[in-house]
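The primary structure of each chain is shown beneath.
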There are 2 protein chains.
Amino acid sequence: MRVEIWSDIACPWCYIGKARFEAGLAAFAHRADVEVVHRSFELDRDAPPATDVPILDMLASKYGVSRAQAEEMEARVAEAAAGEGLGYRSDRIHGNTFDLHRLLHLAKAHGVQDALLTALYRANFAEARPLGDPAVLTRIAVEAGVPADEAARVLADPDAFAAEVRADEHAAAELGATGVPFFVIDRRYGISGAQPVDVFHQALQRAHADSAVQVLATDDADVCGDGGCAVPGA
Amino acid sequence: MRVEIWSDIACPWCYIGKARFEAGLAAFAHRADVEVVHRSFELDRDAPPATDVPILDMLASKYGVSRAQAEEMEARVAEAAAGEGLGYRSDRIHGNTFDLHRLLHLAKAHGVQDALLTALYRANFAEARPLGDPAVLTRIAVEAGVPADEAARVLADPDAFAAEVRADEHAAAELGATGVPFFVIDRRYGISGAQPVDVFHQALQRAHADSAVQVLATDDADVCGDGGCAVPGA
């Protein structure tokens with residue numbers, strides 16, 4: 001089974017939803033057969049580099065509320081994060097995530113995508129580090145297992161893995177996803193949002209129970225098996 | 001869409017089926033959205049290293065036929081290969097493919113899996129090269145884009161990517177595949193054998209028409225979208 005998860009590092013519900021999904025997966029009997037793939041989704045392509053805009057200023061401006069009201073909204077999300085044992089700071093920096101997604105595709109090629117995604121979420125939400133700083137990003141990538149020279153090269157070249165990010169976003173649109181997190185099991189079942197742990201667990205069970213492949217071509221085929229290979233006309 | 005293809009480099013119908021699938025894919029309007037993944041399947045785990053057993057000797061022994069009869073069987077398969085524009089030599093070497101599959105998993109991590117698989121098929125069937133020779137294998141891997149040091153390291157360590165090969169074979173058994181090639185589209189539709197080009201083309205069209213994801217959880221969810229993020233209790 002394969003679960004694809006569209007998410008953005010700037011998205012609190014993606015951070016919280018990842019923990020809930022993983023709890024549901026941990027309770028799933030066939031978890032060893034599940035491959036999890038991160039897919040890119042930018043909530044705000046026009047965001048500035050994440051270096052100096054406080055998230056509370058962005059929220060107050062975006063929703064047209066006072067800073068105190070933005071703090072109140074953040075406090076409620078922080079409570080949901082705490083419910084999953086996750087740190088959550090409201091003094092974090094707002095900003096663009098394109099480079100982070102490009103790095104996540106590089107990390108995938110090295111088999112350390114989940115380690116990097118986990119580290120990026122923590123750096124953003126629990127540690128409020130400025131992810132718009134290439135030096136900070138490179139350090140996080142290297143700690144997650146990405147070779148330093150490759151991380152630096154990808155960050156310096158805005159075209160590197162850009163097509164992969166756009167392809168993920170195109171696929172999300174094709175699947176009808178308008179928000180994140182968006183979970184898709186075997187391109188068959190979708191789950192939108194940071195649902196409760198049980199919802200993920202049950203979705204995995206249902207997808208597993210219904211995972212038989214329908215064989216389309218049942219004619220005598222040219223095939224090789226234990227007993228050898230078919231020979232035409234034999 | 002994702003197509004997984006279980007196959008073995010020693011399998012003539014996998015070699016021929018790959019060409020037929022690719023012709024079906026080339027005619028498919030949404031081919032740019034299709035990701036193709038090679039999956040490992042060994043037809044003969046107990047085969048010796050591919051260095052000195054002629055395939056005709058193996059066939060004569062396996063099927064209990066004369067060498068002339070084995071040549072006749074091979075000629076019919078060669079004809080099917082020629083129909084796809086593929087070279088096919090009956091003086092090739094029989095042997096183990098475990099190391100080849102391990103190398104293909106390394107190639108996947110470098111994004112050159114298809115290039116290596118194509119090169120291995122050609123080296124085996126069209127050029128009759130001894131793929132049991134690590135120097136030959138390394139040269140082929142490097143030409144396909146695998147770093148030389150990593151190819152040599154993987155070939156020297158029988159545990160490298162062994163778990164990945166076994167996981168592919170386990171998945172094939174779970175899906176009910178008893179022979180190869182075995183094609184699976186989005187873990188939903190299966191095609192067994194080197195079917196005609198049209199069968200692949202139609203299967204891709206059918207899978208695409210039927211690719212809507214069923215959304216399981218439709219309750220109000222904690223989600224972030226264009227308009228911002230849900231706030232609990234708001």
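Residues numbered from 1 in each chain as written. Chains lettered and ligands numbered in written order. Predicted model: local features only at pLDDT ≥ 70, side-chain atom pairs only at ≥ 80, totals over all residues. Heavy atoms only, no water.

Labelled according to an unreviewed UniProt entry, chain A appears under the name DsbA family oxidoreductase, originating from Streptomyces lunalinharesii.

A. Quick look at the overall build of chain A. Counting its secondary structure elements, chain A contains nine helices and 10 strands. Dimensions of chain A, computed from C-alpha atoms along their principal axes, come out at roughly 80 × 40 × 30 Å. Sequence separation of 24 or more characterises 73% of the internal contacts of chain A that already satisfy a separation of 6 or more. For chain A, the exposed area adds up to about 10000 Å²; of that, 51% sits on carbon and sulfur atoms. (Helix = DSSP H or I, 4+ residues; strand = E, 2+ residues; numbered from the N terminus. Contact = heavy atoms within 4.5 Å. Areas by Shrake-Rupley, 256 points an atom, 1.4 Å probe, with all protein chains shown as cover.)

B. View of the state of the cysteines. Residue and element names in this part refer to chain A. Within this structure, the stated rule accounts for four disulfides over all chains. A disulfide bridge connects Cys 224 with Cys 229, and the sulfur atoms are separated by 2.2 Å. Classification of the bridge connecting Cys 224 and Cys 229 rests on its S-S torsion, roughly 110°, and on that basis the disulfide is right-handed. The class for Cys 224 is buried, based on a relative accessible area of 0%. For Cys 229, a relative accessible area of 24% gives the class partly exposed. Disulfide partners in chain A, listed by the sequence order of the bonded cysteines, are 1-2, 3-4. (Disulfide = S-S within 2.5 Å. Buried < 20%, exposed > 50% of the residue type's maximum accessible area, 1.4 Å probe, protein only.)

C. Summary view of the interface of chain A and chain B. Each partner contributes to the interface: chain A provides 59 residues, whereas chain B provides 59 residues. Of the roughly 4600 Å² buried between chain A and chain B on both sides combined, carbon and sulfur atoms contribute 54%. At the surface where chain A touches chain B, the tally comes to four salt bridges. We note a salt bridge from Arg2(A) to Glu35(B), for which the minimum N-O separation is 3.6 Å. The interface formed by chain A and chain B contains 20 residue pairs in polar contact (both at pLDDT 80 or more). Here the residues of the side of chain A that touches chain B are counted per class, giving 31 nonpolar, 13 polar and 15 charged. (Buried area = accessible area lost by both parts, 1.4 Å probe. Salt bridge = Lys/Arg side-chain N within 4 Å of Asp/Glu carboxyl O. Polar contact = N/O pair within 3.5 Å; in protein donor to acceptor, adjacent residues only side chain to side chain. Nonpolar A, V, L, I, M, F, W, Y, C, P; charged D, E, K, R; others polar.)

D. Expanded view of empty space enclosed by the protein. Evaluated as defined, the whole model comprises one cavity of 30 Å³ or more. One number sums up the size of the largest cavity: a volume of about 40 Å³. Surrounding the largest cavity, Arg2(A), Glu4(A), Asp186(A), Arg187(A), Arg2(B), Glu4(B), Asp186(B) and Arg187(B) form its lining. Contributions of two or more residues to the lining of the largest cavity are made by strand 1 (2–7) of chain A together with strand 1 (2–7) of chain B. (1 Å grid on protein atoms, 1.4 Å probe; cavity = no way out; pocket = protein on both sides within 12 Å on 5 of 7 lines; lining within 4 Å. Points joined across faces, edges and corners; volume = space filled by probe spheres on them.)

E. Local environment of the pattern of salt bridges. Going through the model one piece at a time under the given rule, you end up with 43 salt bridges over all chains. Between Arg92(A) and Glu74(A) there is a salt bridge, with the nearest N and O atoms lying 2.7 Å from each other. Of the two residues, Arg92(A) is situated in the loop between helix 3 (67–83) and strand 4 (93–94) and Glu74(A) in helix 3; the sequence distance between them amounts to 18 residues. What makes Glu74(A) buried here is its relative accessible area of 4%. Glu42(B) serves as the salt-bridge partner of Arg45(B), at 3.8 Å between the closest nitrogen and oxygen.

F. Examining the environment of Gly24(B) more closely. Residue and element names in this part refer to chain B. Summarising the element assignment, Gly 24 is placed in helix 1 (residues 12–26). Using a relative accessible area of 0% as the deciding quantity, one classes Gly 24 as buried. Considered as a pair, Gly 24 and Val 199 are 175 residues apart in the sequence and their alpha carbons are 7.7 Å apart. Once residues within four sequence positions are removed from consideration, Gly 24 is found in contact with Val 197, Phe 200, His 201 and Leu 204.

G. Here's a closer look at the relation of the copies chain A and chain B. Mapping chain A onto chain B is achieved by rotating through 180° and translating by 0.0 Å along the same axis, at an RMSD of 0.0 Å. Interpreted geometrically, this transformation is the action of a two-fold axis. The position closest to the rotation axis in chain A is occupied by the C-alpha of Ala109(A), lying 2.5 Å away. (Least-squares fit on C-alpha atoms with pLDDT ≥ 70 in both.)

H. View of the sheet that holds strand 10 (residues 228–229) of chain B. Reading across from one edge, 5(A)-9(B)-10(B) is the order of the three strands in this open sheet, with antiparallel pairing throughout. Of all strands in the sheet, those bounded by a partner on one side alone are strand 5 (179–180) of chain A together with strand 10 of chain B. Sheet topology places strand 9 (residues 224–225) of chain B next to strand 10 of chain B; two bridges connect them, and they run antiparallel. What sits directly across from Cys224(B), in strand 10 of chain B, is Cys229(B). (Pairing = 2+ DSSP bridges.)

I. Representation of the packing of helix 6 (residues 134–144) of chain A against helix 7 (residues 148–156) of chain A. Residue and element names in this part refer to chain A. The geometry of helix 6 relative to helix 7 is characterised by a closest axis approach of 9 Å and an angle of 140° between their N-to-C directions. As for the relative orientation of helix 6 and helix 7, their crossing is right-handed in sense. Side by side, helix 6 and helix 7 meet where Pro 134, Leu 137, Thr 138, Ala 141 and Val 142 of the first sit next to Ala 148, Ala 151 and Leu 155 of the second. When grouped by side-chain class, the residues that make up the contact of helix 6 with helix 7 number seven nonpolar, one polar and no charged. (Axes fitted to C-alpha atoms, helices over the stretch in contact; angles between N-to-C directions. Left-handed = near helix turned anticlockwise from the far one by under 90°.)

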